[in-house]
Each structure stands twice: as structure tokens, then as C-alpha cells.
Amino acid sequence: MLGVCYYPEHWNEDRWETDARRMRELGISFVRIGEFAWSRLQPSRGNFDFAWLDRAMDVLTKAGLKIVLGTPTATPPKWLIDEYPEILPYDEQGRPRGFGSRRHYTFSSETWWRESARIVEAVAKRYGDHPGLVGWQTDNEYGCHDTTLSFGPEDLKAFRRWLRLRYQSTEQLNEAWGSVFWSMEVASFDDVALPNLTVTESNPATRLDFWRFHSEQVAAYDAMQCEIIRRHSPDRWITHNFMGFVLDFDHFQVADNLDLASWDSYPIGFVEKFPFSEAERNRWAETSHPDIAPFHHDLYRAVGRGRFWVMEQQPGPVNWAPWNPIPKPGMVRLWTWEALAHGAEVVSYFRWRQAPFAQEQMHAGLNLPGLDELSPGGREAGQVASELATFGTLPETQTAKVAVVFDYQSYWTTVIQPQGKDFRYEELTFRWYESLRRLGVDIDFVRPGAPLDGYALVILPCVTEISADLERELRQFDGVVLIGPRTGSRTRNFTIPDNLPPGPLSDLTGHRVLQVATLRPGLAQPVKGQVSGAAIRWREDIEATGDVLARFGDGMPALTRKEKIHYLACWPDESLLAATMSLVLDAADIPTFELPEHVRMRRRGELVFAFNYGAEDWTVPTGISIVLGERTLRPYEVAVWRA
Ligand code: GAL
């Protein structure tokens, strides 16, 4: 169940055999290669060189490793960019982004699609049935380094094409966008401009369409690669390695073309990237926050329709966050077990050996820079491998009782129109997830509109547009539902629904939103009733026909219930959130187990896992039979027992 990312092109060929042998000795079965090697595979137009990769794949295969081969499209080589500079993406300021790192292409360029198809076809043809090959990775981390949206001439052309197909006539476009406002009407699709560099904010409907257009392009581009690979390599699976907290495109849509999802887990790096408070950042600096990696494991299990890998696992300090601490001893092992507990099929470390050269020379590997000597993280990977050997295969992952609806478009919508500066979709969803996990429950994420059968509790932290599928699923669902602020607040065309939010759900929830207030940091409004705490950041004035379970200080409803559907009309602070979660879990008859801030649990089949992210011990429940670890769960330790 372990793998590693390897770059044969970074090392002299005489080291490959030793590397491969040492990987096997460490307990590694899978090796991912090739995803940045375009300049070596095709040094110039018409000149392919596969001989080195043939030899590398043979060495790895002979050692008994199973190969995942990446298509090298994240790194178009210099000769190609010189030949076709229109491949380069443009930033929001309208400047081309240069050659010299990676991901320097726009999904809008037809030339880029043609050139991508060429290299993917060449690689797929050559290695499609290689005996060592088990699967493919398309490209590398779509959208990373802000590369989903691009604002150049190619993007404008493609956006106009997309709009023409979608709206057919400019009358329909003007109507959908409300272009009469500020005289934004266009007489031809060629009048449509990019939504950047405007004097003040541009039309939100235009921006949302621009986001949808780019998101669809990513999915179509990936489907193009998959189609070529499947033609030449029909018996191998295909994945893509998604990057955490990159929300600019709909990952569910991309994964529709894939056999399984994978994601790149940098738990400590993400502590800096996520909008945590400084106190939280300091607290979790060397371990990561206990819900960061699990949040993504659960999300990508949904994205992969039940199947996911961690394609890259942080093995020590990284190089790219503002600060890059060394993980506490034990954390690399803990993160690995945690991924497996959440259903990962394989955890693959990034990377085999630290590179002593180029951009990532400060990034740890399983081996020290340039040497055949394990790093501390490498030794922990070896420990997991021996522990796994005694486990045999892990049981199947079961469906959780709680489903949380995750919606990429709601992120786009709320970025376009935050209304309050700190209304951040990813933070809201994360906090709701964290609060549930503090109560010891397992969680599945679901795509909006996915079937909800089998769940006891369904939670929508915020889904701004209610699709027909989602509406149907909610109407059929007979469990408990909790719905959060801004849900149903916009139509497909980014307008306020005629019957006011929550639009199509209003008869189900029994409320209407009349006004909303956003609250500056430091301002809070008390909430009291069956749950209490405070509203922060966002608060709605609603009219409710159902039961009012809690009210704001001014007497307006804060938490309502109509039959089993609850609506929370604010961004809750920690205590209101925890109380609300307990209330709905209780209503759904889901047993809870209050955990301290630094401990989390997760079940996989009959196995229960506990993880200690803190510096204090925790005692696991009595009357159980431990299969890994000890009853006293020491700092940065893992315990596993049978339920
Ligand atoms: C990932 C990327 C890898 C490597 C790694 C460093 O985002 O896929 O190629 O750059 O980060 O942490």
C-alpha cells in the first residue's frame, strides 16, 4: 500500500538499480515517474528519446516495482513555448506568465491541446502495455499555482466560443447576465470582454460563467488525455493527482473521466495556506491541524467515487510555505496510517530522494540529499511498511452515516460576491467538518445532486444554487438535514430567486431570507434557545413558518426546523456550531464521542483508528482489543483496535 515519486532523469543511470532495490527493501511497491520529463522525452520538435525511460522502466520493473506513469504536460519545454508563445497563460493583470517553472499553459489554447495530444499519444503508445505499468497519472495538479483561470487573447477567443454555444444569441446572453445594468449590453459575441481590468467590479454573472467555462475546459482537457491513453493502454487505470484547497475547477467533473482520484497531501504546508488564526498556526505548526488531511481524504474518496490514493505524501519539511517546520517525530507515520484509515488504497511519498539542485532543494525526501541514506521521514515510512506487513489487507471502507455536500461552484460564487470580507466557503465547510469530527463521527462528502440513500444526516454548509438534482434528492431524503447560510440564495444566472432565498427549497425549510448582515471581526450577535452561542461574520433576517429552535438577541429566528429539516441563519461561532451539530446528530440517532482538540478517530470496516496530534497523552476506550499501539495514546501516536 506504499509508493514513492521518483525522477530517474535527476540521477545518474548507475544509481537506478540501487534506488529500486532500496525502495523494495523499504517496503515500497509503487513508483510514480515521468510527469515532468518532457524536455528529456522530446528534446526538440520531431526528436523523441525514449531510450532512457525504457531503461529506467525496465530497472524498476525488474526490481518488482509497479509503475504509475505521468503524462508530462505540466512542463511544456522551451522549444515548444518559443514555437507557440500563445500557449502561455495570462494573469489577472493581463500579463503573460513566463517560462521557467511549470504549469505555464492555458487550457484555452487549441495549439496546446494539439501539442498535448501529440506527446500523450507518443508516451501512451510507447508504454501502454509495458509489463511494469499499472496505471497513469494525467498531467500534474491541475490548477496549482493559480493556473485554472487565464486572462489572455486565447482565453477571450475560447470564452466567446463557449458563450455562443451556451446562449445562442446575444439577447439571451444580455438577459441572463442582466447586462442592461450599467449599459453592459453587447450586440455581438465579439463584444464580450474578459472580466478583468474593469474600473470597478465586473458583472458577477459574467465572472461565474468565466469560472464555469474554465472549469469545463479542465475537465475536457483531461478527458482528451484519458481518451488517448485508453486507446493505447486499455488495461490500465487512470488517475489525476489533485491538489488540496485548489477549488477553481470542479474536481468531481474531472474525475468523471478517471478510474480513481488521487491527491497530494502536505499537511504542514497547508497549515500556512489555510486561513487559520495565528494561534492555531502556531499550535499545529509541527503536526498540522488534525482535520486538514482527513478533510481531503474524505473529499477525494467522494471525488474518486470511493477510490483514492495519496499520490504525494509530505515526508519531512517542504520548501514552499512561508515557514517550513520539521514534522514532529512520528507524524509522517501518523499521516500515512490516517490516509489508510480514511480508505486510501495507496500512500505514495514525495519524493524518493531530496534533490540537491533546483527549486525544491529544501524539500525533504525519503532519503537525504544526494545520498543513499534514509531521512527521518524515510525511516518512518519503513516502519509503516513493516506494520502493514502484519496487518495484511485492510477491510473495506463503509459508507458513513453523515454526508456533507461539497460544492465547488459555491466557492466561486462566494469569492465573486463575498458581501463580507471573511465569508470564505472553504473555511465554513472546514469548520463544520471539524466540529463533526470533534464529536467522533465519520463523514462522507457528496457531490451536489448525488444520491443520499443510506445516510442518517445530510449537511449542506452552503450550496448557493440548488440544482434540480439536489432538490429532488433532498425531497426524497427522509433523514435529518442541516442547511447553512446562503443556501439557495442564487439562481443559475446569479440572480436572487423570485421567491427569495432559499429559492426552490423554501417550502421544505419553511423560511424566507429578507435581509442579510455581515459582521466585522469583533462583532458578534448572541444566539439563545435549544442551542446557544453567537453569530459571527454573517447573519440573516429570516421569516419562518416551522419551529424556531433558537433566536438572535433581537428575537429573530436563528435556527429553525420544519419536520426534519433544520436551517441555520448565520455563520456560527465555535460553541453555536458544536451545539448545533450535537442537536442534529442526536436527532439522527448517531452516537457521538466527544474528543479533545488534538485527538481524532476514524473507522475502516471493523477497525477503529485513533490519532494523537497533540503533546498530551490520551487514553483509548476500555474493553477493546488493541491491534496496533497502546492504550495510552502518546503524542503523535496511532492506535488501532477492533470495534
Ligand atoms: C506538489 C507537486 C510536486 C512537488 C511538491 C512539493 O504540489 O505536485 O511536484 O512540487 O508539491 O511539495
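What counts, and at which threshold
- Residues numbered from 1 in each chain as written.
- Predicted model: local features only at pLDDT ≥ 70, side-chain atom pairs only at ≥ 80, totals over all residues.
- Heavy atoms only, no water.
- Phe/Tyr/Trp six-rings, centres within 6.5 Å; stacked < 30°, edge-to-face > 60°.
- Helix = DSSP H or I, 4+ residues; strand = E, 2+ residues; numbered from the N terminus.
- Buried < 20%, exposed > 50% of the residue type's maximum accessible area, 1.4 Å probe, protein only.
- Lys NZ or Arg CZ within 6 Å of the ring centre and 35° of its normal.
- Pairing = 2+ DSSP bridges.
- Axes fitted to C-alpha atoms, helices over the stretch in contact; angles between N-to-C directions.
- Contact = heavy atoms within 4.5 Å.

(A) Broad picture of the packing of aromatic side chains. Within the structure shown, the criterion is met by 55 aromatic pairs. Centre to centre, the rings of W263 and Y300 are 5.9 Å apart; their planes meet at 15°, and the pair counts as stacked. Here W263 is found in strand β7 (residues 261-265), whereas its partner Y300 is found in helix α12 (residues 292-303), with 37 residues between them in sequence. Look at W263 and you get buried, because its relative accessible area is 0%. Between W337 and F609, the aromatic rings sit 6.2 Å apart at their centres with planes inclined by 40°, giving tilted as the arrangement. In this pair, W337 sits in helix α13 (residues 331-341) while F609 sits in strand β22 (residues 607-612), placing the two residues 272 residues apart along the sequence. The burial state of W337 is the same as that of F609; both residues are buried. Across from the ring centre of F552, 4.0 Å away, lies the NZ or CZ of R539, which sits over that ring.

(B) Region of the structure containing the sheet that holds β22. Strand order in this open sheet of four strands is β21-β22-β26-β24, and the pairing throughout is antiparallel. Each end of this open sheet is capped by a strand with a single partner; those strands are β21 (599-604) and β24 (625-628). Mean inter-strand twist for the sheet, computed between neighbouring axes without regard to direction, equals 30°. By the bridge criterion, six bridges tie β21 to β22 in an arrangement that is antiparallel. Each residue of the ladder has a partner; that of V599, found in β22, is N612. Against the sheet, α13 contacts β21, β22, β24 and β26 (638-642), and its axis sits at roughly 150° relative to β22.

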